[in-house]
Amino acid sequence: MDYTLETSQQKEKLLKTIYTLQLKSITTLQTASPLLNSQCGMGMVTQHQVSQLVDKAKSLCGDLDNIKNLLHYCQDDLVRRIPNPTGSRYGGVCGIHCSLDGSIYMTAESAPWVHVLSSTGQMLRSLPCQQMGKESGTFLPEDVTVTRTGMVAVADMMNGAVWVFNPHTSLSKGEWLKIRKVGSPRGIGVDSMGKILVADYAQGQVHSFALDHAFRTLNIHSVPNLQGPRYVSPVPNGGFVVSEECGDVSVFASSRKLLCSLSSKYGHQFGNPAGVCVDVDGSILVADEQRRTVHLFPEHGSPICLVSAGLRRPAGLACSSFGHLFVADAGENCVKVFKYCVRPPHSRANPRAPSSPVSRSKDSNSSEFLGPSSVAKGGLSYSELVAR
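Position numbers for residues start from 1 in each chain and track the written sequence from start to end. Reporting in this predicted model follows two pLDDT cut-offs: at least 70 for local features of residues, and 80 or more for side-chain atom pairs to be given and counted; totals over whole chains, interfaces and linings ignore these cut-offs and use all residues. For the side-chain quantities, the full set of heavy atoms in the structure was used; hydrogens and water were omitted.

Here we look at the overall build of the chain
What the chain contains, in helices and strands, is four helices and 26 strands. Throughout, the Shrake-Rupley method with a 1.4 Å probe supplies accessible areas, and for residues the shown protein chains are the sole cover considered. Carbon and sulfur atoms make up 53% of the accessible area of the chain, which amounts to about 19,800 Å² in all. Only DSSP runs of H or I with at least four residues qualify as helices, and only runs of E with at least two residues qualify as strands; both kinds are numbered from the N terminus onward.

A few points about a nonpolar patch on the surface
Among the surface-exposed residues, Ile-18, Ile-67 and Leu-71 lie close enough to one another that they form a single nonpolar patch of about 230 Å² accessible area. Among the structural elements, Ile-67 can be located in helix α2 (residues 47–72). Patch definition: residues with relative accessible area over 30% and no salt bridge; like charges joined within 9 Å; nonpolar side chains (Val, Leu, Ile, Met, Phe, Trp, Tyr) joined within 5 Å. What makes a salt bridge here is a side-chain nitrogen of Lys or Arg within 4 Å of a carboxyl oxygen of Asp or Glu, nothing more.

A word on the sheet that holds strand β22 (residues 293–297)
Think of it this way: DSSP has to see at least two bridges between two strands before they count as a pair. Strand order in the open sheet made by the four strands is β20-β21-β22-β23, with antiparallel pairing throughout. Bordering the open sheet on either side are β20 (273–278) and β23 (304–307), each of which pairs with just one other strand. Neighbour-to-neighbour, the strand axes of this sheet turn through a mean angle of 25°, independent of strand direction. Here four bridges tie β20 to strand β21 (residues 284–288), and the two strands are oriented antiparallel to one another. Within the sheet, the bridge partner assigned to Val-276 lies in β21 and is Val-286. For helices, the fitted line uses only the C-alpha atoms of the stretch in contact; every axis is such a line through C-alpha atoms, and the angle between N-to-C directions lies from 0 to 180 degrees.

A few points about helix α1 (residues 5–38)
For α1, which comprises 34 residues, the first-to-last C-alpha distance of 50 Å matches the rise-based estimate of 50 Å (1.5 Å per residue) to within 8%. Taking the largest bend as the criterion, α1 deviates by roughly 30°, centred on Ala-32, and proline Pro-34 comes between one and four positions later. In this analysis, the expected span of each helix is defined as 1.5 Å times one less than the number of residues it contains. To get the bend at any residue, fit one axis to the seven residues that end at it and another to the seven that begin at it, then take the angle between the two axes.

As for the pairing of strand β10 (residues 161–166)
Most of β10 is tucked away, with six of its six residues classed as buried. Burial classes: relative accessible area under 20% of the type maximum marks a residue as buried, over 50% as exposed, and values in between as partly exposed (1.4 Å probe, protein chains only). By the alternation rule, side chains of β10 split into Ala-161, Trp-163 and Phe-165 and Val-162, Val-164 and Asn-166, which are all buried. Of the strand pairs in this sheet, strand β9 (residues 152–156) and β10 are connected by four bridges, and their pairing is antiparallel. Paired with Val-154 across the two strands is Trp-163, which belongs to β10. Connecting β9 to the antiparallel partner β10 that follows it, the hairpin turn spans four residues, and Gly-160 within it adopts a positive phi of roughly 60°. As judged from the six bridges shared by β10 and strand β11 (residues 175–181), these two strands associate in the antiparallel manner. From the neighbouring strand, Phe-165 faces β11, where its bridge partner is Trp-176.

Points about the UniProt feature "repeat: NHL" (unreviewed entry) in the chain
Residues annotated by UniProt as "repeat: NHL" (unreviewed entry) correspond here to residues 140–168, 267–300 and 311–341. A distance of 22 Å separates the end C-alpha atoms of residues 140–168, which is 0% helix and 52% strand. Between the end C-alpha atoms of residues 267–300 there is a gap of 14 Å, over a span that is 0% helix and 47% strand. UniProt positions are given in the numbering used here, feature names are shortened, and annotations may be inferred rather than shown by experiment.

A short note on the pattern of salt bridges
Within this structure, the stated rule accounts for eleven salt bridges. Its salt-bridge partner being Arg-291, residue Asp-288 comes within 3.8 Å of it at the nearest N-O pair. A salt bridge links Asp-329 to Lys-336, with the shortest nitrogen-to-oxygen separation between them at 2.9 Å. Lys-336 matches Asp-329 in its accessibility class, with the two residues each being buried. Here the residues in one salt-bridge network are Arg-81, Asp-329, Glu-332 and Lys-336, joined through shared partners.

Right, dumping it as structure tokens:
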């Protein structure tokens with residue numbers, strides 16, 4: 001952080017400005033409140049003046065939300081690079097998942113492996129993607145996630161299938177189970193209710209379904225009419241967010257009803273949105289393959305560019321509960337780790353968090369098991385205060 005004299009003066013000026021606004025607001029409220037509650041009519045205040053004040057207040061509250069966000073986040077703070085464990089033998093890294101215990105799950109283009117690493121890049125285990133039995137053979141995982149019970153699940157676009165790795169079989173090394181045929185699965189995730197989400201690229205759909213103890217699919221639903229869905233991620237309220245190759249990112253409720261598109265809500269123009277994820281504060285993060293950037297879309301305020309340079313072909317995206325962003329850069333065949341929060345997010349432990357199927361030890365940087373649904377929301381935002 002820059003502690004030059006100029007920066008110190010700017011910080012002092014900003015603090016004085018915010019304090020002045022706070023003091024003036026409190027003084028006005030104390031003066032106006034008894035008058036508005038007791039006297040009849042509005043005195044000499046006109047409707048036009050009220051409308052002007054409302055508009056100015058909304059604008060000011062939006063500016064304060066933006067200032068708050070810009071203080072909270074940082075840009076282009078590269079912490080480390082995690083190379084693809086398979087090197088250049090196959091294509092670049094494309095799928096990534098950050099587990100609640102700090103483990104990183106990684107897939108690469110045309111590589112029949114799922115690699116499991118610590119958040120610092122230490123190899124924990126590699127799972128060969130090979131089907132056993134009569135139809136033995138390898139498959140190529142496009143994207144990866146972890147189920148609520150701690151099992152690895154992947155999307156296999158070449159064979160049009162979703163696989164789950166079951167470590168509790170008679171085979172000492174575990175076994176991959178084909179749980180569902182899908183047209184062309186590309187992205188995969190698990191929502192807050194434990195259902196598996198699959199982005200079906202060619203059919204333009206996102207499928208969701210549950211698994212029972214015998215790995216049978218239940219409660220199958222589909223959201224149609226999407227334009228080349230690529231990556232999918234859960235949001236805290238039970239819905240999901242999906243990137244569409246043709247240039248937008250859509251947010252759906254748990255009822256599978258479209259809530260909004262990020263381009264229309266924020267007035268943001270995407271080039272080619274790829275990886276998406278949602279952090280513990282409910283902010284949506286999106287990697288743009290064409291523009292080679294990563295933007296954060298907060299609940300309140302304008303979009304923030306977290307990564308503006310240093311990416312060649314960003315693909316999958318994941319964020320940890322301790323303020324780190326993991327970007328699968330297929331162009332440089334590595335995972336780039338950025339610190340995007342000035343301070344780690346405040347959240348409480350999640351007692352329902354699944355343990356890792358590979359290692360139960362927590363990463364040294366993480367002191368709690370956290371999940372999006374476990375975030376304790378703070379006070380009202382400035383925009384919400386105005387709305388009230």
